[in-house]
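Examining the three-dimensional arrangement
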Amino acid sequence: MRVQGILGAALLACSFTAYAGTAEVSWKDVDSYTDIRPADGLRDRYQKKVMDQLTEHFQGLAAKLPEDQKLEITVTDVDLTGRVEPTFGRSSSNYVRIVREIDFPRMEFDYRLVDKSGDAIKEGQAHVKNMGFNYDSLASRMRRDDLYFEKQMLTQWFEETFVNQPDE
């Protein structure tokens, strides 16, 4: 009997906070972006990989929204952390992404948060950047994600824009 009461209370508590918002991400004029270039490999394949990973990240963030809300994102520019620069070896030149403090990530996008009827709850243009990233930090050395700093920047934007809002 006691287990049923605890289980019932837990289910009741969870029912008040239903989260499972969605995100719809579109990518506009990708070829004109500031920097979404690979250091090596095929440009189209690399762009698709970056866009897929950032779309997945936006979808993960949107899952924190109430289930009847949808976040619509139209990305208009991306400038990845670092710069692709040539290196010269014995027989040919190759490219490598060099990361310095001045090469921080940036993104621009339009966003709309809509309810289940499609009415806008919040909308705007975002120009996000992470000028304070610390590439030499222990966390960056241990990271396994090529887009770690970009995702960190988007998470911070999401939290500031949708989660940590004062009551109006």
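Structure report, in brief. (Residues numbered from 1 in each chain as written. Predicted model: local features only at pLDDT ≥ 70, side-chain atom pairs only at ≥ 80, totals over all residues. Heavy atoms only, no water.)

Quick notes on the overall build of the chain
- What the chain contains, in helices and strands, is four helices and six strands.
- If you list the helices and strands of the chain from N to C, you get α-β-α-β-β-β-β-β-α-α.
- In the chain, the share of contacts with a sequence separation of at least 24, taken over all contacts with a separation of at least 6, comes to 67%.
- When the accessible surface of the chain is totalled, it reaches about 11100 Å², and 51% of it is carbon and sulfur. (Helix = DSSP H or I, 4+ residues; strand = E, 2+ residues; numbered from the N terminus. Contact = heavy atoms within 4.5 Å. Areas by Shrake-Rupley, 256 points an atom, 1.4 Å probe, with all protein chains shown as cover.)

Quick notes on the sheet that holds strand β2 (residues 70–79)
- Spatially, β1-β2-β5-β6 is the arrangement adopted by the four strands of the open sheet, whose pairing is mixed. Two strands in the sheet have a free side with no partner beyond their single neighbour: β1 (22–27) and β6 (120–129). Strand-to-strand twist across the sheet, computed as the mean angle between neighbouring axes with direction ignored, equals 20°.
- The pairing of strand β5 (residues 106–114) with β6 spans nine bridges and is classified as antiparallel. (Pairing = 2+ DSSP bridges. Axes fitted to C-alpha atoms, helices over the stretch in contact; angles between N-to-C directions.)

What about the nonpolar core?
- Membership of the largest hydrophobic core comes to 31 residues, with the highest contact counts inside it found for Leu71, Met107, Phe109 and Trp157.
- Contributing elements (two or more residues each) for this core: β1, α2 (43–62), β2, β5, β6 and α4 (148–163).
- Element by element, the count of residues in this core is highest for α2, at seven residues.
- When residues no more than four places from it in sequence are discounted, the contact partners of tryptophan 157 are Phe58, Ile73, Phe109, Tyr111, Ala126, Val128 and Phe162. (Core = buried A, V, L, I, M, F, W, Y, C linked by side-chain atoms within 4.5 Å. Buried < 20%, exposed > 50% of the residue type's maximum accessible area, 1.4 Å probe, protein only.)

Topic: α2
- Across its 20 residues, α2 extends 28 Å between first and last C-alpha, which sits within 8% of the 28 Å expected from 1.5 Å per residue.
- Of the residues making up α2, those classed as buried are Tyr46, Gln47, Val50, Met51, Leu54, Thr55, His57, Phe58, Leu61 and Ala62. When α2 is viewed along its axis, its buried side chains cluster within an angular range of 160° and face the same direction. Opposite the buried face of α2, at more than 90 degrees from it, the exposed residues are Arg45 and Glu56. (Expected span 1.5 Å × (residues − 1). Arc of directions from axis to C-beta.)

Thoughts on α4
- Over its 16 residues, α4 extends 21 Å from the first C-alpha to the last, a length consistent with the 22 Å expected when each residue adds 1.5 Å.
- Residues Phe149, Glu150, Lys151, Met153, Leu154, Trp157, Phe158, Thr161 and Phe162 constitute the buried set of α4.

The values reported here are purely geometric and, on their own, carry no functional implication.
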